[in-house]
Protein chains: 2
Amino acid sequence: MQFEDIQNLGLTKQREVVLQVISDAHEHLTANEVFDNSKKLLPGISFATVYNSLRFLKDAGHIAEISFGGGASRFDRGTHRHDHAICTKCGKLADIEMEHPAELVALAASYSKFKPESLEFTLRGICPDCLAKV
Amino acid sequence: MQFEDIQNLGLTKQREVVLQVISDAHEHLTANEVFDNSKKLLPGISFATVYNSLRFLKDAGHIAEISFGGGASRFDRGTHRHDHAICTKCGKLADIEMEHPAELVALAASYSKFKPESLEFTLRGICPDCLAKV
DNA sequence: ATTAGATTTAGAATAATTCTAAATCTAATT
DNA sequence: AATTAGATTTAGAATTATTCTAAATCTAAT
């Protein structure tokens, strides 16, 4: 877990703010939410710039885009690879930090004939909160 | 691999057609493409009905929705669980038919504290066609 | 035939994302 | 300090994706 100085990545102020917002958030925000939060730090920022910045930051590997059936994409500070769990009751999205079984990527690559770059999975199930509510 | 008679699922004609279109397609279609193809079989069908049918068929487990960053959801005949590979060069989407390593779901569930229902992954990499083009 | 409930239709409405053109900024050069 | 080229931002329009609404139609059970 390495400290990354957002002030020093050679980003424009707008991109810095967008990255800051995503880093500070405890949840996975939509583009719209990123926009709302960014305006608090940089009132003049425009919607298009948020989208541009999201694309830029994604291409640069600073953030990751997550999407599920239904609704807008969400964004995630992409400092390292991780997986997701999504609750089929309430829709909550959680991160999973674990190593993959050694053979998983190789197996998937051999089945698909793709040259593998990365693999990420989504676990569908019921989150602890919803389990407790029954 | 079991034969399923689409004519006999107790579906409305519109839902039958939507399911037929998805089953017949060799690729993963967007809602828009499903609509276009459905019109060929049932000219009067409306866009809203295609969306309604997609939701219905998804809830009933006949089809699955797949979404990635960027663009519309795609739909897949969901007769059985499978994974996907997506090409980072050309965007092509392929199915992966393989068993998961035994411990994968249990491991993911224990890390997330979710009660697991299903798990699917996406392999990112370069597809055979793009590899050949270099 | 009647009726209640579900489904479909057409089109409007909303939400998500991208595009456009003009203005601004940045960094490199005079 | 002025000039310039290229990248970025802004504002808002445009496009694309999805959902909603209300009236019409269908279905199955009386």
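On a predicted model such as this, the values are computed, not experimentally measured, just so you know.

Procedures and definitions
Residue indices begin from 1 for each chain and proceed along its sequence in written order. Both sets of labels track the order of writing: A upward for chains, 1 upward for ligands. Local features in this predicted model are restricted to residues whose pLDDT is 70 or higher, and side-chain atom pairs enter the listing and the counts only when it is 80 or higher, whereas totals over whole chains, interfaces and linings include all residues. Note that the side-chain values use all heavy atoms of the structure and ignore hydrogens as well as water. Contacts: residue pairs with any heavy atoms within 4.5 Å of one another. A 1.4 Å probe defines the accessible area here, and the buried area is the portion of it lost by two parts on being joined, summed over both. The rule for a salt bridge is simple: a side-chain nitrogen of Lys or Arg has to be within 4 Å of a carboxyl oxygen of Asp or Glu. Whenever two N or O atoms come within 3.5 Å, that pair is a polar contact, provided that in protein one can donate a hydrogen and the other can accept it, and provided that, for residues adjacent in sequence, both atoms are side-chain atoms. Under the DSSP-based scheme used, a helix requires at least four consecutive residues in state H or I and a strand at least two consecutive residues in state E, with every element numbered from the N terminus. Here the term buried applies to any residue with accessible area under 20% of the maximum for its type, exposed to any over 50%, and partly exposed to those in between, with areas from a 1.4 Å probe on protein chains only. Two strands qualify as a pair provided that DSSP identifies no fewer than 2 bridges between them. We call a residue near a molecule or strand whenever a single non-hydrogen atom of that residue lies within 4 Å of it. Three classes are used, and their members are as follows: Ala, Val, Leu, Ile, Met, Phe, Trp, Tyr, Cys and Pro are nonpolar, Asp, Glu, Lys and Arg are charged, and the others, Gly among them, are polar. Every axis in this analysis is a line fitted to C-alpha atoms, fitted for helices over the stretch in contact. Angles between the N-to-C directions lie between 0 and 180 degrees. Handedness of a crossing follows from how the near helix is turned relative to the far one, being left-handed for an anticlockwise turn of less than a right angle and right-handed for a clockwise one. A residue counts toward the fit only if its pLDDT is at least 70 in both copies, and the copies are then superposed by least squares on the C-alpha atoms of those residues.

## Quick word on the interface of chain B and chain A
Interface size is often expressed as the accessible area that is lost when the parts come together. If you look at the interface, chain B gives 41 residues, while chain A gives 41 residues. Summed over both partners, the interface of chain B with chain A buries about 3,300 Å², with 66% contributed by carbon and sulfur atoms. Area buried by chain B at its contact with chain A is led by Phe114(B), Leu123(B) and Arg124(B), which between them contribute 19% of it. In this structure, the connection of chain B to chain A is made through 2 salt bridges. The partner of Glu120(A) in a salt bridge is Arg124(B), with the nearest N and O atoms 3.8 Å apart. The tally of links from chain B across to chain A stands at 10 residue pairs in polar contact (both at pLDDT 80 or more).

## Concerning the pattern of salt bridges
Should the charged atoms of two oppositely charged side chains come close, the side chains can pair. Residues and elements named next belong to chain A. Across all of its chains, the model carries 10 salt bridges over all chains by this definition. The residue Glu-33 makes a salt bridge to Arg-74 at a minimum N-O spacing of 3.8 Å. You can see Glu-33 sitting in helix 2 (residues 31-41) and its partner Arg-74 sitting in strand 3 (residues 74-77), a full 41 residues away along the chain. The exposure class of Glu-33 is partly exposed, given its relative accessible area of 31%. Salt-bridge contacts for Lys-58 lead to Glu-65; the nearest nitrogen and oxygen are separated by 2.6 Å. What makes Lys-58 partly exposed here is its relative accessible area of 32%.

## With respect to the pairing of strand 6 (residues 115-126) of chain A
Strand direction decides the pairing type here: strand 4 (residues 83-87) of chain A and strand 6 of chain A, joined by 4 bridges, are parallel. From the neighbouring strand, Ala85(A) faces strand 6 of chain A, where its bridge partner is Leu123(A). Where strand 6 of chain A and strand 6 (residues 115-126) of chain B come together, 11 bridges link them in antiparallel fashion. If you follow Ile126(A) over to strand 6 of chain B, its bridge partner there is Lys115(B).

## Structural notes on the protein's contact with DNA strand D
Close contacts around DNA strand D come from 15 residues, with Thr12(A), Gln14(A), Arg15(A), Thr49(A) and Tyr51(B) the closest. Put simply, 79% of the atoms of DNA strand D that lie within 4 Å of the protein are in sugar or phosphate. Here a phosphate oxygen of DNA strand D sits 3.4 Å away from a polar atom, N or O, in the side chain of Asn32(B). Those elements that place two or more of their residues in the surface near DNA strand D are helix 1 (13-24) and helix 3 (47-59) of chain A together with helix 3 (47-59) of chain B. Split by residue class, the surface near DNA strand D holds 6 nonpolar, 8 polar and 1 charged.

## Details of the protein's contact with DNA strand C
Close to DNA strand C lie 15 residues; Tyr51(A), Thr12(B), Gln14(B), Arg15(B) and Thr49(B) are nearest. Counting only the atoms of DNA strand C that lie within 4 Å of the protein, the sugar and phosphate share comes to 77%. Arg15(B) has a polar side-chain atom sitting 3.0 Å from a phosphate oxygen of DNA strand C. Contributions of two or more residues to the surface near DNA strand C are made by helix 3 of chain A together with helix 1 (13-24) and helix 3 of chain B. Among the residues forming the surface near DNA strand C, the class breakdown is 6 nonpolar, 8 polar and 1 charged.

## Overview of the sheet that holds strand 4 of chain A
Strand order in the open sheet formed by 6 strands is 5(A)-4(A)-6(A)-6(B)-4(B)-5(B), and the pairing between neighbours is mixed. Edge positions in the sheet fall to strand 5 (93-96) of chain A together with strand 5 (93-96) of chain B, since each of these pairs with one other strand and no more. Strand-to-strand twist across the sheet, computed as the mean angle between neighbouring axes with direction ignored, equals 25°. As judged from the 4 bridges shared by strand 4 of chain A and strand 5 of chain A, these two strands associate in the antiparallel manner. Bridge pairing in strand 5 of chain A places Ile86(A) opposite Leu93(A).

## As for the packing of helix 1 of chain B against helix 2 (residues 31-41) of chain B
Residues and elements named next belong to chain B. Between helix 1 and helix 2, the shortest axis-to-axis distance is 9 Å and the interhelical angle comes to 115°. The handedness of the crossing between helix 1 and helix 2 comes out as right-handed. From helix 1, Val-17, Val-18, Gln-20, Val-21 and Ile-22 reach across to helix 2, where they touch Val-34, Asn-37, Ser-38 and Leu-41.

## Considerations on the relation of the copies chain B and chain A
Superposition record for chain B on chain A: RMSD 0.1 Å, screw rotation 180°, translation along axis 0.0 Å. Accordingly, the operation relating the two chain copies is best matched by a two-fold axis. Every residue of chain B has its C-alpha some distance from the rotation axis, and the shortest such distance is that of Phe121(B), at 1.9 Å. Both copies share a contact surface, since 100% of the interface residues of chain B are interface residues in chain A too.

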